[in-house]
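One-letter residues, chain by chain:
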Amino acid sequence: MSITANAPPTVFVAPSLRSVLVHLGPITVEQNASSPIAMERGITTIFALPVAGVPGLDLTANFFAGHRDTRLGAPPGSAAVTGGIRWRW
């Protein structure tokens, strides 16, 4: 004699970006249309996570999408992803 149990499959909802960001902490999202590089046009989006132990210090992830206006034959579009730290005073 064998006993089997049939249970309905559990459905997990895919996490949204908002739920992931809330789990990580107080992340701020900033957008900037200016660039520190000459003749570069585009949008930079910055995600900043404050470091709890050091007031004014943020861990950052920067995403750039746009183009460079050069005469040297640069590709029409460019993208960059950088990360680092930022000190606010």
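Up top is the structure.
About the criteria used
- Residues numbered from 1 in each chain as written.
- Predicted model: local features only at pLDDT ≥ 70, side-chain atom pairs only at ≥ 80, totals over all residues.
- Heavy atoms only, no water.
- Helix = DSSP H or I, 4+ residues; strand = E, 2+ residues; numbered from the N terminus.
- Buried < 20%, exposed > 50% of the residue type's maximum accessible area, 1.4 Å probe, protein only.
- Contact = heavy atoms within 4.5 Å.
- Areas by Shrake-Rupley, 256 points an atom, 1.4 Å probe, with all protein chains shown as cover.
- Pairing = 2+ DSSP bridges.
- Axes fitted to C-alpha atoms, helices over the stretch in contact; angles between N-to-C directions.
- Phe/Tyr/Trp six-rings, centres within 6.5 Å; stacked < 30°, edge-to-face > 60°.
- Salt bridge = Lys/Arg side-chain N within 4 Å of Asp/Glu carboxyl O.

K.L.:
Outline the overall build of the protein chain, listing residues and values.
P.N.:
Looking only at helices and strands, the protein chain features one helix and four strands. Along the protein chain, helices and strands appear, N-terminal first, in the series α-β-β-β-β. Scored against the burial criterion, the 89 residues of the protein chain give a buried share of 12%. Pairs at least 24 apart in sequence give 32% of the contacts found in the protein chain among residues at least 6 apart. As displayed, the protein chain has an accessible area near 7400 Å², and 66% of this comes from carbon and sulfur atoms.

K.L.:
Please give an account of the environment of Gly66 that cites residues and values.
P.N.:
Here Gly66 lies in strand 3 (residues 57-68). Between the C-alpha atom of Gly66 and that of Pro76, which follows or precedes it by 10 residues, the distance is 8.4 Å. In contact with Gly66, not counting residues within four places along its chain, are Arg41, Gly42, Pro76, Gly77 and Ser78.

K.L.:
So what's going on with the sheet that holds strand 3? Residues and values would help.
P.N.:
Strand order in the open sheet formed by four strands is 1-2-3-4, and the pairing between neighbours is antiparallel. Each end of this open sheet is capped by a strand with a single partner; those strands are strand 1 (28-32) and strand 4 (78-87). Each adjacent strand pair in this sheet contributes to an overall mean axis angle of 20°, direction not counted. Sheet analysis places strand 2 (residues 40-50) next to strand 3, joined by 11 bridges and oriented antiparallel. Paired with Ile46 across the bridge in strand 3 is Asn62.

K.L.:
Give a description of the packing of aromatic side chains that names residues and reports values.
P.N.:
Under the definition given, this model contains one aromatic pair. Centre to centre, the rings of Phe47 and Phe63 are 5.7 Å apart; their planes meet at 85°, and the pair counts as edge-to-face. Taken together, the residues Phe47 in strand 2 and Phe63 in strand 3 connect sequence positions 16 residues apart. When its relative accessible area of 26% is taken as the criterion, Phe47 is described as partly exposed.

K.L.:
Describe the pattern of salt bridges, with residues and values.
P.N.:
Applying the stated criterion across every chain yields a total of three salt bridges. Asp58 is paired through a salt bridge with Arg86; the nearest N and O atoms lie 3.0 Å apart. With a gap of 28 residues between them, Asp58 in strand 3 and Arg86 in strand 4 connect regions that are remote in the sequence. In this structure Asp58 comes out as buried when scored by relative accessible area, which is 3%. Ionic pairing is found between Arg88 and Asp58, a salt bridge with its closest N-O pair at 2.8 Å. Of this pair, Arg88 sits in the segment after strand 4 while Asp58 sits in strand 3, and the two are 30 residues apart along the sequence. Residues joined in a network through salt bridges with shared partners are Glu30, Asp58, Arg86 and Arg88.

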